[in-house]
Amino acid sequence: MFKVYNCIATAHDLRLVGLAAVICTLASFAAISLLRHARLSAGRMRPVWLAVSAISTGFGIWSTHFIAMLAFTPGIPSGYNIALTILSLAAAVLLTGAGLAMAMRPEWRLGPWLGGAVVGGGIATMHYLGMAAFQIAGVILWDSTLVAVSILLGTMIGATALPSGLHASSHRWRIAGALLLTLAICSHHFTAMGAVAIIPDPTVTIPQAAIPAGWLAIGVAVSSFTIILLALGAAALDIHDQRRSVLEADRMRGLANAAIEGLLVCDGDIAVTANTSFAQLVGSSSDNLIGARLETYIPDAEARAKLLAAPNQPLEAELRHVDGSMIPVELILRPIDFAGQAHHVIAVRNLQARKKAEQHIRYLAHHDALTSLPNRGTFHARLDHEIAAATASGQKCAVLCFDLDRFKEINDLFGHAAGDKVLQTVASRVSALLDNTCMVARLGGDEFAVLMPGLSNPAAAGRLADAILAALEPGADKSDSDNLTSCSIGIAICPDDADNRETLLTHADTALYRAKTEGRSTYRFFEARMGAEVHDRRVLEHDLRQAVTRGEFNLVYQPQEDIQTRRVVGFEALLRWTHQTRGSISPAVFIPIAEETGAILGIGEWVLREACQQAASWSQPLTIAVNVSAVQIYSENFVQLVHEVLLETGLPPDRLELEITETALVRDLNRALNTLRRIKALGVHIAMDDFGTGYSSLSNLRAFPFDKIKIDGSFIKSVNTNAQAATIVRAVLGLGLGRGLGLPVLAEGVETPAELAFLQSEFCNEVQGYLVGRPAPIATFAMLTHADSALATGDDVRILLAQSA
């Protein structure tokens with residue numbers, strides 16, 4: 001050890017030793033940095049950077065040796081053999097490269113240790129070849145022990161340098177590896193120089209071709225610094241380019257992952273990369289997709305062949321999920337340049353939502369959107385098939401057409417949402433009754449039809465109709481809207497009634513009309529005679545809708561008399577229809593039809609306007625009573641209509657009296673009460689018509705803002721012959737239902753003096769009937785409605801009617 005120290009301290013220029021140490025340190029740091037960079041490189045750049053690292057490290061070791069040799073001052077002339085000097089450089093580069101290559105093998109755990117030892121051996125080989133190139137005027141003697149120690153130090157310390165430098169990505173390990181490599185070079189060199197002993201010999205001459213030590217030192221230093229700096233600069237530039245490439249790749253990957261469509265880049269039929277959308281679509285990760293074959297996810301060989309043969313053409317196929325399920329997709333292939341090579345990218349669009357929408361559209365084409373039942377078109381197609389099958393096999397099939405009784409009132413009373421719920425309930429209940437051979441369809445609105453193939457006898461159709469009626473029968477356990485879901489059913493049999501679809505449906509519809517006219521909530525089989533009756537009713541419905549515009553309606557007026565003073569106090573307007581071909585049609589016939597079809601709204605508006613306009617023209621302030629149907633009461637615009645008519649005609653509101661039956665109120669008491677209160681707010685009077693029939697109750701008299709009670713004429717006709725009828729009338733009059741509530745009472749249908757006398761004895765307020773006056777055109781009562789007629793009595797009315805007759 002002392003010998004080595006003495007060699008450094010006395011036989012070397014310490015300034016040049018410092019320079020050698022700097023070059024050695026730079027070379028070592030460059031070696032570790034370039035080696036780490038080479039290990040991170042991929043493809044063809046990996047051996048390139050390995051070569052750069054080997055050259056830089058070899059030059060660094062070589063330069064350290066010769067600069068240190070320049071610092072060595074033996075005191076006698078010296079030089080260097082050119083060939084051996086170059087050979088020492090080549091040995092340093094080659095052996096260093098071999099060691100670095102061994103350290104870079106990722107699958108070999110001992111590679112960095114053995115590679116470091118090889119680098120240490122390269123340091124020794126370069127050193128002793130360099131010493132062989134050292135020419136001096138003397139003889140060089142070697143200490144074999146120190147020679148062995150120098151080789152051992154270089155090898156052992158070098159073996160630890162590369163594992164340390166490559167251990168982790170932190171700078172501390174990189175610096176540690178560089179310092180160990182510097183120590184391996186320097187310890188070997190100065191230990192080996194300590195083994196040298198020079199004996200001067202004047203007889204030994206230095207060849208003229210030898211390179212002077214000074215020139216060699218300058219050339220070595222300059223070239224070493226240049227190579228090391230260039231290597232580090234190149235590494236820095238490459239690192240910068242790699243980082244930029246990584247950032248660019250991340251940006252492109254981010255753009256690809258931002259795409260909604262799946263993207264798969266393939267080299268032939270091998271997947272190279274894929275975006276997140278494609279990975280999510282197949283239920284895998286992007287990394288797991290690399291290297292997979294295209295057939296793994298597109299198993300249809302024909303689809304793959306078409307895709308590869310027709311770039312830029314959309315193709316529908318199925319994509320296999322990792323769980324084995326198939327996903328409908330649209331594929332488009334395009335050739336691209338990827339990583340400098342020809343690849344193709346496949347854009348994958350998920351068609352599940354579109355396919356589902358198309359399926360839903362197809363479903364809607366054959367089914368009703370509200371109830372999910374087959375629609376009219378589907379029912380017609382199935383009916384045609386069953387008729388053909390029945391004709392061929394000699395069997396029968398039945399068609400049951402039904403609709404809901406008073407369904408329009410459900411919408412009017414509870415709203416369309418409640419009406420939709422009722423339709424859904426009907427569909428559910430009827431579907432539950434049918435087996436797989438039968439079909440129920442919604443034809444439109446509240447119209448339904450049931451197809452019953454393989455009919456053994458007509459009684460089976462009747463039993464099914466009974467089951468439907470029972471399923472829709474109102475019950476106490478159902479809500480208010482459900483209590484209105486009764487139905488009427490018409491049944492037609494094929495081939496007994498018809499052997500084609502159009503006629504069979506027409507006959508079932510005809511039977512349905514008959515069921516409605518005979519009380520509703522029942523069923524009827526088609527009979528041949530029904531056709532003419534239903535046709536007649538439909539013609540009547542059509543004519544009824546045209547009657548207002550054709551001017552076929554007219555009003556007649558019946559006087560109302562104060563029973564005590566026998567003065568006429570007002571008139572009730574009564575509607576009459578004179579058909580252009582049928583003549584006079586009874587209100588008992590056309591009013592129910594008008595209410596069922598909704599025509600009553602237009603007719604009622606005409607009656608209200610006509611009556612108010614007529615009453616406004618009277619000089620006497622007589623009241624005018626107008627009947628109002630339930631359909632009008634529940635119309636949203638009725639109160640507004642009354643207000644508009646009063647304003648347009650100029651009739652004082654207190655002269656208008658609207659007559660409403662209690663039956664019209666019970667369907668929705670709260671809504672009816674709200675409407676009547678708004679009418680009362682206008683100043684219009686309201687009378688309860690036909691009291692004693694239907695749903696008459698004291699609670700309704702108290703709750704609703706009535707101004708008058710009208711006793712139905714059926715009770716008045718029997719007061720002198722039927723004790724029960726007389727008792728009811730007395731209850732209304734004598735026991736205070738009228739007087740106790742402060743309501744005047746008008747008796748309808750008074751036809752005899754005896755009836756009048758009874759009512760007078762019971763203190764009835766007003767009467768109306770044939771005894772007072774029959775309904776007649778208003779012109780008949782001109783002396784009552786105009787000037788100087790205020791004192792006209794019922795007797796005067798009878799005289800007028802007799803004269804007009």
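What you see is a predicted model, and the numbers here were worked out from it, not measured in a lab. (Residues numbered from 1 in each chain as written. Predicted model: local features only at pLDDT ≥ 70, side-chain atom pairs only at ≥ 80, totals over all residues. Heavy atoms only, no water.)

## Quick look at the overall build of the protein chain
- Per the secondary structure count, the protein chain includes 30 helices and 24 strands.
- Out of the 805 residues in the protein chain, the part that is buried amounts to 47%.
- For the protein chain, the accessible surface area stands at approximately 37,700 Å², while carbon and sulfur atoms represent 59% of it. (Helix = DSSP H or I, 4+ residues; strand = E, 2+ residues; numbered from the N terminus. Buried < 20%, exposed > 50% of the residue type's maximum accessible area, 1.4 Å probe, protein only. Areas by Shrake-Rupley, 256 points an atom, 1.4 Å probe, with all protein chains shown as cover.)

## Comments concerning the sheet that holds strand β12 (residues 439-444)
- Read across the open sheet, the 5 strands follow the order β12-β13-β11-β14-β15; overall the sheet is mixed. One side of each edge strand has no neighbouring strand; the edge strands of this open sheet are β12 and β15 (523-525). Between one strand axis and the next, the sheet turns through 20° on average, direction left out of account.
- Where β12 meets strand β13 (residues 447-455), 5 bridges bridge the pair, whose relative direction is antiparallel. Paired with M439 across the two strands is L451, which belongs to β13.
- Across the face of the sheet, helix α14 (residues 376-393) comes into contact with β11 (396-404), β12, β13 and β14 (487-494) while running at roughly 20° to β13. (Pairing = 2+ DSSP bridges. Axes fitted to C-alpha atoms, helices over the stretch in contact; angles between N-to-C directions. Contact = heavy atoms within 4.5 Å.)

## What to know about the nonpolar core
- The biggest cluster of nonpolar side chains holds 79 residues, and the ones touching the most others in it are F571, L608, I624, L656, L658, V729 and L759.
- Looking at this core element by element, the count peaks at 7 residues for helix α21 (residues 600-616).
- Contact partners of L656, with chain neighbours within four places excluded, come to L608, C612, I624, V626, V642, L646, L651, V684 and H685. (Core = buried A, V, L, I, M, F, W, Y, C linked by side-chain atoms within 4.5 Å.)

## Looking at the sheet that holds strand β9 (residues 326-338)
- Here we have 5 strands laid out as an open sheet, ordered β7-β6-β10-β9-β8, and antiparallel in their pairing. Both edges of this open sheet fall to β7 (270-274) and β8 (315-320), since each of them pairs with a single strand only. Between one strand and the next, the sheet's axes are offset by a mean angle of 40°, whatever the strand orientation.
- Strand direction decides the pairing type here: strand β6 (residues 262-267) and β7, joined by 4 bridges, are antiparallel. The residue of β7 that forms the bridge with V265 is T273.
- The sheet contacts of helix α13 (residues 352-366) involve β8, β9 and β10 (341-350), and relative to β9 the element is tilted by about 140°.

## So, the confidence of the model for the protein chain
- Averaged over the protein chain, the pLDDT score is 79; the fraction of residues at 70 or greater is 79%.
- Averaged pLDDT values over the elements of the protein chain bottom out at 46 in helix α1 (residues 2-11) and peak at 95 in strand β19 (residues 623-627).
- Within the model, pLDDT remains below 50 along residues 1-6, and this stretch shows 8 contacts once partners closer than five positions in the same chain are excluded. (pLDDT = per-residue confidence, 0-100.)

## Some thoughts on the packing of α14 against helix α18 (residues 501-517)
- At a closest axis distance of 10 Å, the pairing of α14 and α18 adopts a crossing angle of 110°. The angle between α14 and α18 falls in the class roughly perpendicular. On α18, the residues touching F379, H380, L383, D384 and I387 of α14 are R501, L504 and L505.
- Residue composition of the contact of α14 with α18, by class: 5 nonpolar, 1 polar and 2 charged. (Parallel < 35°, antiparallel > 145°, perpendicular 65-115°, else oblique. Nonpolar A, V, L, I, M, F, W, Y, C, P; charged D, E, K, R; others polar.)

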